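Observations on the three-dimensional arrangement
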Amino acid sequence: MTADYLRELLEQDVLEAAPALLGATLVRGERRARIVEVEAYRADDPACHAYKRRTPRVEVMYGPAGIAYVYFNYGVHWMLNIVAHAVDDPAAILIRAAEPIAGIDQFRSSRSVQKLAGLLSGPGKLAQAFDIDGNLNGIDLLDPSSDLHLLPALEPVTRVLKGSRIGIAKGKWEDVPWRFVDDSALEWASRKKV
DNA sequence: CCTACGATTCACT
DNA sequence: GTGAATCGTAGGC
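Let us look at the structure shown here. (Residues numbered from 1 in each chain as written. Chains lettered and ligands numbered in written order. Predicted model: local features only at pLDDT ≥ 70, side-chain atom pairs only at ≥ 80, totals over all residues. Heavy atoms only, no water.)

**Observations regarding the protein's contact with DNA strand C**
In the vicinity of DNA strand C, the contacting residues are Arg53, Thr55, Arg57, Phe72, Tyr74, Gly75 and Val76. Here a base oxygen of DNA strand C sits 2.5 Å away from a polar atom, N or O, in the main chain of Tyr74. Between DNA strand C and Gly75 there is a distance of 3.3 Å, counted from a sugar or linking oxygen to a backbone nitrogen or oxygen. (Near = heavy atom within 4 Å. Polar contact = N/O pair within 3.5 Å; in protein donor to acceptor, adjacent residues only side chain to side chain.)

**Describing the protein's contact with DNA strand B**
Taken together, 21 residues are adjacent to DNA strand B, and His77, Asn81, Arg111, Gly122 and Lys125 come closest. Here the atoms of DNA strand B within 4 Å of the protein split so that 50% fall in sugar or phosphate, with bases taking the remainder. The contact in question runs from a phosphate oxygen of DNA strand B to an N or O atom on the side chain of Arg111, over 2.9 Å. Elements supplying a minimum of two residues to the surface near DNA strand B: strand E3 (68-73), strand E4 (77-83), strand E5 (91-102) and helix H4 (123-129). The residue makeup of the surface near DNA strand B, split by class, is 10 nonpolar, 8 polar and 3 charged. (Helix = DSSP H or I, 4+ residues; strand = E, 2+ residues; numbered from the N terminus. Nonpolar A, V, L, I, M, F, W, Y, C, P; charged D, E, K, R; others polar.)

**Digging into the environment of Ile93**
Locating Ile93 in the fold gives a position in strand E5. A relative accessible area of 0% places Ile93 in the buried class. Ile93 sits 10 residues away from Val83 along the chain, and the two C-alpha atoms are 6.5 Å apart. If sequence neighbours within four positions are ignored, Ile93 has contacts with Leu10, Val14, Ala17, Ala18, Leu21, Val38, Glu39, Leu80, Asn81, Ile82 and Ala84. (Buried < 20%, exposed > 50% of the residue type's maximum accessible area, 1.4 Å probe, protein only. Contact = heavy atoms within 4.5 Å.)

**Remarks on the packing of helix H1 (residues 3-12) against helix H2 (residues 14-21)**
The angle between the axes and the distance between the axes are what describe a pair of packed helices. At their nearest, the axes of H1 and H2 sit 6 Å apart, and the two run at 145° to each other. Between H1 and H2 lies a crossing of left-handed hand. For the pair formed by H1 and H2, the contact residues are Leu6, Leu9, Leu10 and Gln12 on the first element and Val14, Glu16, Ala17, Ala20 and Leu21 on the second. Taken together, the residues of the contact of H1 with H2 sort by class into 7 nonpolar, 1 polar and 1 charged. (Axes fitted to C-alpha atoms, helices over the stretch in contact; angles between N-to-C directions. Left-handed = near helix turned anticlockwise from the far one by under 90°.)

Spatial relationships are all this shows, so hold off on functional conclusions.
Below you can see the structure in the form of structure tokens.
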């Protein structure tokens, strides 16, 4: 898959683009990790930050597809999203978990944990391991010259598990199956059960 | 201005 | 399995 094709997908349909993101490599310097779990959020979906309201925080979600939407939550964690913008229909994909590929020592020192399992198995953990914070909000993740960027999967992931999203309050479309996990990489996902 | 709370994680029990 | 930590954002007054 090429970056151009991935960007096209992101521009067209967040629900198609999200599973296509599985297997992509997230790169920052020496650090590399293979994305194994994502979630989709869409403007008509009550759990989406851009639901019915255009505020300064979500402004990047209205910008071009492929840029990073980074936000802080629980007063503790940064979250990395990729904007999947269709005209007048902002959407984003939350990167939830990845398999460490390279730069393991840097992941470890950023997270101060030793075990490989659990190093990147959650959106807050992943952001911490990559030293992602609000400074990266708005950068182009599909531009290889970006400090933090994404290399599309060479081959699409064949078996994709779909489940309901994590941490969604009742009444906010908590049951839509918009969480996508690479079945062959469950050990790196944030929770085993999908 | 002031308050409530969230796309979570970790340390405990 | 439960609860605390912790702060930017949004929304109400």
